[in-house]
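The chain contents come next:
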Amino acid sequence: MSSPVRRYARIWARTASMAMQAQLTYRLGSAGFLLGKMIRLFFFFAFITAIFSHVKTVAGYSLAETALFFLTFNLVDMIAQIFFRGVYGARRIVSEGDFDFYLLQPCSPLFRMIFSSVDILDVVTLLPVLAMIGVLFARLPPTGWIQYAAYALLTVNGVAIVLAIHILVAALAVRTQELENAIWIYRDVMFMGKFPVDVYGKPVRWVLTFAVPVAVMTTFPVKALLGILPSVWIAYALALSSATLAFALWFWRDCLSRYTSSSS
Amino acid sequence: MRKYLVAYSIALQETLQRRSTLLMDRLGGLAIVVSLYSFWSALLGDQPSFLGYTRAEMLTYVLAINILRSFVFTGRGWLLVGDISSGRISSYLVRPVSYHGYALALDLAQKTVHLASSLVETSLLVLAVSGNLFLPKDPATWILFAVAALLSSLIFFFLEMLVSSLAFWTSESGGPLFCFELFLQFAAGAFFPLDVLPAGLRRLLAATPFPYMVFFPARVFLEKVPPSEALRLLSIEAAWLLAVVLAARWVWGLGVKSYAAEGG
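Owing to the predicted nature of the structure, the values given are computational and were not obtained by experimental measurement.

Let's shift gears to the overall build of chain A. Looking only at helices and strands, chain A has 12 helices and zero strands in total. Each helix and strand of chain A, ordered N terminal to C terminal, gives the series α-α-α-α-α-α-α-α-α-α-α-α. Taking 2.2 N^0.38 as the reference for a compact globule, 264 residues should give roughly 18 Å; the C-alpha atoms of chain A span a radius of gyration of 20 Å, in line with that estimate. Counting only C-alpha atoms and orienting by the principal axes, one finds that chain A spans roughly 60 × 45 × 40 Å.

Shown next, in the form of structure tokens:
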């Protein structure tokens, strides 16, 4: 392990440990948040299961396939919640002047802003999601290792796009000290990824594939697993994540170069 | 009464002043409606009906959800938690106003703006789906729907006040409030009609005030509840409102007695 990687791993482990300790201190509050997240998962799963007790397919997908779309959305979303949680406090960090301290520390301010908080509750919620994905893998018709590899690759690719979005939100906070709701817009739009993109009309599908690539983040991995995603779309997904990450990093650097401190 | 009207007027201006926040809130809500609308559209496919809902009725239910969410689910719970935890509540307690009355005036201002926005959004969506909707034939239905929605909104407001008052005793009341809000949205039918759920779960929910908050008004609008039955259910909803108001005021009284503040 090279030195900077080890250093950042240590910083992450330390800040993550502190965030977890803080959450564990507030037991009642954390229990409420955890229960809420479980309720959300349970009700949506109950909804999908109940729907399929009345119909055989939705948009051509079976219960197992639709459930896998839903769980893959949760997988991508929860990984982002676990690792990129710091962005939710970006505006406050900037407006209260804490960001100035980040700039003085021998650590990337972007790293501090995005990765400095870990939501342990999502780690707990992620476990049943992973278990259910495992069960669904066993229930789906057997497929080759290439499909499983493509699923894993496109899921990681989805997380990379989510990271790019979080960097953009952090950059906007540095630039404007406002746009507190930007991250919540992302959360609401991500809601559309709970269902396969095929349920949407053509214009919405286009938007979700090219403009706000929720489909690339959540639908593409499952389609690749089912063997119904042409390889050209896999190439598109990988190119898109590279381009959005490159743009997000450029935008972050640009916003940082214009930052003039916002608090004393 | 005049002071509450002034508070309403100021809050209305403040809400309208924060146009970017409002726009982002509405965009997020719209994403959820488009998502649910598309899902039900895909589910219905060529079927004439699903669970007793025709295509027009189901799609109208989703649009009614958008209006009801904007009118019912805009509470002041998180602000009350913040006011108590930070000690700001002290300044309200010494003023010659009822905190609940003052908070309700502010909440009504927010509801006014969100309701108007949701009506515009829904009208645009209606145009987009070219009239494939259910509209009540009986003019009395509109009145019953409006009364049911008003009662729902008040029940939500006082339920939130009740749960948020936990902050008088613990600084961790955010967790229970988060859990309560999530559970309530599902149990109220704000994502899908409760007919989808298994009969046992439906019976359990029927013994709570939650189905009266979205599911019942939406069914009234769809004329799925005969007028005499609607009146009976409205009286039950009113009884729930009375019970929730009394409980919220009682807990508030206990909380204020146990509340202590230091410093200036």
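Once that is clear, we can look at the interface of chain A and chain B. Counting residues at the interface gives 33 residues for chain A, matched by 29 residues for chain B. Mapped by element, the contributors of at least two residues to the side of chain A that touches chain B are helix H2 (27-51) and helix H9 (182-190) of chain A. Element by element, the count of residues in the side of chain A that touches chain B is highest for H2 of chain A, at 15 residues. Within the side of chain A that touches chain B, the residues separate by chemical class into 23 nonpolar, seven polar and three charged.

In this section: the confidence of the model for chain B. Taken as a whole, chain B shows an average pLDDT of 88; of its residues, 98% reach a score of 70 or greater. Mean pLDDT values for the elements of chain B range from 80 in helix H2 (residues 19-44) of chain B up to 95 in helix H11 (residues 227-258) of chain B.

Attention shifts here to the packing of H2 of chain A against helix H3 (residues 63-83) of chain A. Residue and element names in this part refer to chain A. In contact at an axis separation of 10 Å, H2 and H3 are set at 160° when each is read in the N-to-C sense. Relative to H3, the element H2 lies roughly antiparallel. When the axes of H2 and H3 are compared, the crossing they make is right-handed. In this structure, H2 uses Leu-41, Phe-44 and Ile-48 to contact H3, whose residues at the interface are Thr-66, Ala-67, Phe-70 and Asn-74. Here the residues of the contact of H2 with H3 are counted per class, giving five nonpolar, two polar and no charged.

Moving on, we come to unusual backbone geometry. A positive phi angle, near 55°, is found at Ala-59 of chain A, a position not held by glycine. Examined against the element boundaries, Ala-59 of chain A turns out to sit in the loop between H2 and H3. Residues other than glycine seldom take positive phi values, yet Leu-51 of chain B does so here, at roughly 55°.

One finds Ile-167, Val-169 and Ala-170 of chain A together with Val-62 and Ile-155 of chain B to be the most contacted residues of the largest nonpolar core, which totals 148 residues. The element best represented in this core is helix H8 (residues 145-176) of chain A, accounting for 16 residues. Apart from the residues lying within four places of it in its own chain, the contact partners of Ile-155 of chain B are Pro-209, Tyr-212, Met-213, Trp-240, Leu-241 and Val-244 of chain B.

Residues and elements named next belong to chain B. With respect to the element layout, Met-58 can be found in helix H3 (residues 55-72). Sequence separation between Met-58 and Glu-181 is 123 residues; the distance between their C-alpha atoms is 24 Å. Setting aside chain neighbours within four positions, we find Met-58 in contact with Trp-40, Leu-44, Phe-50 and Tyr-53.

Moving on: the environment of Leu-126 of chain A. Here Leu-126 of chain A shows up in helix H7 (residues 120-139). The spacing of Leu-126 of chain A and Asp-77 of chain A is 49 residues in sequence and 9.8 Å in space, taken between C-alpha atoms.

What counts as what
- Residues numbered from 1 in each chain as written.
- Chains lettered and ligands numbered in written order.
- Predicted model: local features only at pLDDT ≥ 70, side-chain atom pairs only at ≥ 80, totals over all residues.
- Helix = DSSP H or I, 4+ residues; strand = E, 2+ residues; numbered from the N terminus.
- Rg over C-alpha atoms; globule rule 2.2 N^0.38 Å.
- Contact = placed C-beta atoms within 7 Å.
- Nonpolar A, V, L, I, M, F, W, Y, C, P; charged D, E, K, R; others polar.
- pLDDT = per-residue confidence, 0-100.
- Axes fitted to C-alpha atoms, helices over the stretch in contact; angles between N-to-C directions.
- Parallel < 35°, antiparallel > 145°, perpendicular 65-115°, else oblique.
- Left-handed = near helix turned anticlockwise from the far one by under 90°.
- Core = buried A, V, L, I, M, F, W, Y, C linked by C-beta atoms within 7 Å.
- Buried ≥ 20, exposed ≤ 12 C-beta atoms within 10 Å, placed from the backbone.

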